[in-house]
Amino acid sequence: MIIKYRSNLTCGITAILAAAVMCAIIPQQVGLETTARFGVTSRTIPYGIAAVFAICGVGLMIQSLVLKKDETKELNLKAEVPALLMFLVLIAYLFVFEKEWPLSTAAVGCAALALSKSKKWLYYVIVIALTIAMYFIFVNVLHIRLNSLVFGLLGL
Amino acid sequence: MDWAEIFSGLFTIQNLIFINIGMFIGIIFGAVPGMNGNLAITVFLPFTFQINSVSALLMLTSIYFGSMFGGSITAILIKTPGTGAATATLLDGAPLAEKGQPHRALDAALVASTFGGLVSAFALLLFAPQLGALAMRFGSPEYFILALFGLSVIASVSGKSKLKGLIAAGIGVLLGTVGIDSVSGVPRFTFGNMMLYNGLKMMACMLGFFATFRMIQRVKRGAAGKTGKTAEDLKKAAEGDKFTLTDFKNCFGTMATGSTLGAVIGAIPGTGGAIASYLTYNMAKNNPKPGEEFGKGAVRGITAPESANNGATAASLIPMLTLGIPGSAVAATLMGAFQMHGLASGPKLFEEHTIAVYTILVGCVLAQLIMFLQGKYLMPLFVKITRIPFRLLTACLLVVCFSGGYAIANRSFDVKVMVIMGIVAYFLNLLDLPTVPMVLGLILGPTAEFYLRNALSIGNGNWMIFFQRPICIAFMILLVLLLVMLSRGEKKQKQRKAEVSSPS
């Protein structure tokens, strides 16, 4: 399936939506100081950015709809599948790497190889070896603590 | 001052060995995404207690210099800058390496880094008191204008659409606002998450924008079987893969400007090389030489930011050594190291430890030459990275980047930020939003906001404070000139393109 979209128009609409969302969340997410403000508060820059988003968004929409200055892009969903699967792998990694760093990191590396259709087993071995080497360098040389249940049980 | 004693104290076998070790460590740490000179200095500081002060401090300063050059290696070879300043090097360095000329790109970076480093080291040696005094005249209004100066570069790194560049820069500035507001102390965009109170680490965001994002793209390319150029293509491109004397002559003026600018800006505490490297890149881009296309592998696009970036390195030690004010995280760590080795930084340092200090300062000059030699020897090794099979390199880089992401501050939160930013960058790329303005906004946005608010506090809310200080006025005039130059440069480039497309 191929999705066609106009780059400037889509970006313009997204920017305007982002500006609206920002205006809605700034009062909740950015507190107001009680001390002297001198014209610029902690909310000024966030509101300023929302304004930039809105103005640029409108500008991009004008470019696309009025000036007809736009580029039609194609998004081939089939070609995006490996990237989407990689997102899922990375998101899953975020849930496990704190408990088991070496295994999960090696798994991400191997998943990257598998998703890019690599059939050479040596590559997988190299990635696993590199992860283990990085783990030991971090723990023993740099003294950076990385959690590992497996190596912990093995007493390494 | 006894120069003979200084030179005899410097040129000992021990010092030469430790400068070399420090430089090697620095280059390696700088080249690994996520790691940096500061981490390397912190890790190796305890080992230096066993050696004499001068050798130890020479080794630690060499780590710092080496890491700055190391940051450009990954920017050029794998589009992942090791430091914020190296993002400007990526703009032309990566395209040149992709054309099959990684050797030329790395050589250009090395020559420019050495050039900038030497200018900076001489500035430190000869003008430290004067530059220190100049730095002291910088208050919040001046810092704000200087940050604006850096932000003005957004226009020239926005790619096809300036509006999209502005949106991208806005995203960067917005990310910089996350956490406790340093002026008022109120939390911003923390969503109740305690980890966000500390803000987002610039390096974690950068690794996300560049490394994670690129790795996802590479996985996609690998799956589609698009694994790079053929051996024939590479062989053809490799014919011009040398940094020639003509290249050096073409770049000399740019490197001289970049190094000087880097040395002056570097001497101002808290500025760093990023502003200088983007400014110099901008200046070079606005004055293109015939046949030069910036953003597509122009050699001057590498030498400009690299000379400025390294021009700021030794100079950034000036406020630390002369005034006892550390201008950056690395300077603060080095200041601690000086203190631990019995050389307390500050105005009296030069009086009380004249010989030791000048031995280290002359050693900084020597370190730049050693950096050049080591860079030359290590270059073939670095270039081999481009020869690693596409899919294997992608997987290995993912592992290295996740390790580096964790090493930023020893916390898993940065890895989470890195992954999320990578996924966000992937979608932003579908909208053609450029990444570099985002990083520029992230680096300079918070600085600009902090100093703007401080300046207004000093001036009781009166904006006229920016028009009452001579340095501010001078910078504002320069800023206007720069913007005029920018628009003229763009017109020139458009004219040239039009002439090329219609040769008749």
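A brief structural summary. As the structure is a prediction and not an experimental result, all values here were calculated from the model.

A word on the overall build of chain A
Across its full length, chain A holds six helices and two strands. When the helices and strands of chain A are read in sequence order from the N terminus, they spell out β-α-α-β-α-α-α-α. Whereas a compact globule of 156 residues would reach a radius of gyration of roughly 15 Å, chain A reaches 24 Å, over 25% beyond that. Over its C-alpha atoms, taken along the principal directions, chain A stretches across nearly 60 × 55 × 20 Å.

As for the overall build of chain B
Helix and strand content of chain B: 21 helices and two strands. In terms of overall dimensions, chain B has a C-alpha envelope of 65 × 55 × 55 Å along the principal axes. Split into buried and exposed, the 504 residues of chain B put 62% on the buried side. The long-range share in chain B, meaning contacts at least 24 apart out of those at least 6 apart in sequence, stands at 79%. Here chain B has roughly 18,900 Å² of accessible surface; of this, 64% comes from carbon and sulfur atoms. Measuring between centres, the 38 positive side-chain charges of chain B sit 8 Å from its 22 negative side-chain charges.

Digging into the environment of Phe69(B)
Residue and element names in this part refer to chain B. Among the structural elements, Phe-69 can be located in helix H4 (residues 53–78). Separated by 37 residues in the primary sequence, Phe-69 and Leu-106 have C-alpha atoms spaced 9.8 Å apart. Sequence-distant contacts of Phe-69, that is, excluding residues within four places in its chain, are made with Ile-27, Leu-106, Ala-109, Leu-110, Ser-113, Asn-310, Met-371 and Gly-375.

Brief notes about unusual backbone geometry
Even without being a glycine, Lys117(A) presents a positive backbone phi close to 60 degrees. Here Lys117(A) lies in the loop between helix H4 (101–115) and helix H5 (121–141). One non-glycine residue, Phe189(B), lies in the positive phi region at around 45 degrees. Looking at the secondary structure, you find Phe189(B) in the loop between strand S2 (187–188) and helix H9 (202–223).

A look at the packing of aromatic side chains
All names here are of chain B. Here the structure, examined in full by the defined rule, presents 25 aromatic pairs over all chains. Summarising the aromatic geometry, the rings of Phe-115 and Phe-252 are spaced 5.4 Å apart at their centres and angled 90 degrees between planes, so their arrangement reads as edge-to-face. A residue pair is termed long-range when its members are at least 10 positions apart, and Phe-115 in helix H6 (residues 102–136) and Phe-252 in helix H11 (residues 245–266) qualify at 137 residues. Overall, Phe-252 belongs to the partly exposed group, its relative accessible area being 40%.

Some words on empty space enclosed by the protein
Summed over the entire model, instances satisfying the criterion amount to one cavity of 30 Å³ or more. The wall of the largest cavity is formed by Leu317(B), Leu321(B), Phe338(B), Val357(B), Ile360(B), Leu361(B) and Cys364(B).

What about the interface of chain A and chain B?
Many authors give the size of an interface as the accessible area that is lost as the parts come together. Of the residues lining the interface, 66 residues belong to chain A; the matching set on chain B comes to 62 residues. For the pair chain A and chain B, the summed buried surface comes to about 5,400 Å²; carbon and sulfur atoms form 78% of the total. When residues of chain A are sorted by the area they lose upon contact with chain B, Gln29(A), Phe38(A) and Phe87(A) head the list and together hold 12% of the total. There are four salt bridges connecting chain A and chain B. Across the pair Glu71(A) and Lys160(B) runs a salt bridge, and its minimum N-O distance is 3.6 Å. Seen at the junction of chain A and chain B, the total is 16 residue pairs in polar contact (both at pLDDT 80 or more). Looking at the side of chain A that touches chain B, the elements with two or more residues in it are helix H1 (7–29), helix H2 (44–65), strand S2 (72–76), helix H3 (77–96), H4 and H5 of chain A. The residue makeup of the side of chain A that touches chain B, split by class, is 43 nonpolar, 16 polar and seven charged.

Details of the side chain of Ser316(B)
All names here are of chain B. With respect to the secondary-structure elements, Ser-316 resides in the loop between helix H13 (300–315) and helix H14 (318–323). Accessibility expressed as a relative area gives 9% for Ser-316, which makes it buried. Apart from the residues lying within four places of it in its own chain, the contact partners of Ser-316 are Tyr-64, Gly-266 and Ala-331.

Points about the packing of H9(B) against helix H20 (residues 436–458) of chain B
All names here are of chain B. Their axes nearest at 11 Å, the elements H9 and H20 cross at an angle of 175 degrees. One way to sum up the angle between H9 and H20 is to call them roughly antiparallel. Facing H9, whose interface residues are Met-202, Cys-205, Met-206, Phe-209 and Phe-210, H20 presents Met-438, Val-439, Leu-442 and Ile-443.

Notes on the packing of H3(A) against H9(B)
H9(B) packs onto H3(A) with a crossing angle of 135 degrees between their chain directions and a minimal axis gap of 8 Å. As judged from the angle between their axes, H3(A) and H9(B) are oblique. Crossing geometry of H3(A) relative to H9(B) is assigned as right-handed. Facing H3(A), whose interface residues are Ala79(A), Glu80(A), Pro82(A), Ala83(A), Met86(A), Phe87(A) and Leu90(A), H9(B) presents Thr212(B), Ile216(B), Val219(B), Lys220(B) and Ala223(B). Here the residues of the contact of H3(A) with H9(B) are counted per class, giving nine nonpolar, one polar and two charged.

Considerations on the environment of Ala314(B)
All names here are of chain B. Note on placement: Ala-314 falls in helix H13. A relative accessible area of 0% places Ala-314 in the buried class. A C-alpha to C-alpha distance of 19 Å links Ala-314 and Thr-254, two positions 60 residues apart in sequence. Beyond its immediate sequence surroundings of up to four residues, Ala-314 is in contact with Phe-65, Ser-120, Ala-121 and Leu-124.

Regarding the nonpolar core
Judged by nonpolar contacts, the single largest core of 217 residues is most densely connected at Met86(A), Ile167(B), Leu200(B), Phe209(B), Leu321(B), Phe402(B) and Phe466(B). Excluding residues that lie within four positions of it along the chain, Leu200(B) makes contacts with Leu175(B), Val178(B), Cys205(B), Phe413(B), Val417(B) and Met421(B).

Details of H6(B)
For H6(B), which comprises 35 residues, the first-to-last C-alpha distance of 41 Å sits more than 12% below the rise-based estimate of 51 Å (1.5 Å per residue). In the structure, H6(B) departs most strongly from a straight axis at Phe127(B), where the bend amounts to approximately 90 degrees and where the proline Pro129(B) lies between one and four residues downstream.

Calculation criteria
- Residues numbered from 1 in each chain as written.
- Chains lettered and ligands numbered in written order.
- Predicted model: local features only at pLDDT ≥ 70, side-chain atom pairs only at ≥ 80, totals over all residues.
- Heavy atoms only, no water.
- Helix = DSSP H or I, 4+ residues; strand = E, 2+ residues; numbered from the N terminus.
- Rg over C-alpha atoms; globule rule 2.2 N^0.38 Å.
- Buried < 20%, exposed > 50% of the residue type's maximum accessible area, 1.4 Å probe, protein only.
- Contact = heavy atoms within 4.5 Å.
- Areas by Shrake-Rupley, 256 points an atom, 1.4 Å probe, with all protein chains shown as cover.
- Lys, Arg positive; Asp, Glu negative; His and termini not counted.
- Charge placed at Lys NZ, Arg CZ, Asp CG, Glu CD.
- Phe/Tyr/Trp six-rings, centres within 6.5 Å; stacked < 30°, edge-to-face > 60°.
- 1 Å grid on protein atoms, 1.4 Å probe; cavity = no way out; pocket = protein on both sides within 12 Å on 5 of 7 lines; lining within 4 Å.
- Points joined across faces, edges and corners; volume = space filled by probe spheres on them.
- Buried area = accessible area lost by both parts, 1.4 Å probe.
- Salt bridge = Lys/Arg side-chain N within 4 Å of Asp/Glu carboxyl O.
- Polar contact = N/O pair within 3.5 Å; in protein donor to acceptor, adjacent residues only side chain to side chain.
- Nonpolar A, V, L, I, M, F, W, Y, C, P; charged D, E, K, R; others polar.
- Axes fitted to C-alpha atoms, helices over the stretch in contact; angles between N-to-C directions.
- Parallel < 35°, antiparallel > 145°, perpendicular 65-115°, else oblique.
- Left-handed = near helix turned anticlockwise from the far one by under 90°.
- Core = buried A, V, L, I, M, F, W, Y, C linked by side-chain atoms within 4.5 Å.
- Expected span 1.5 Å × (residues − 1).
- Bend = angle between axes of the 7 residues up to and from the residue.

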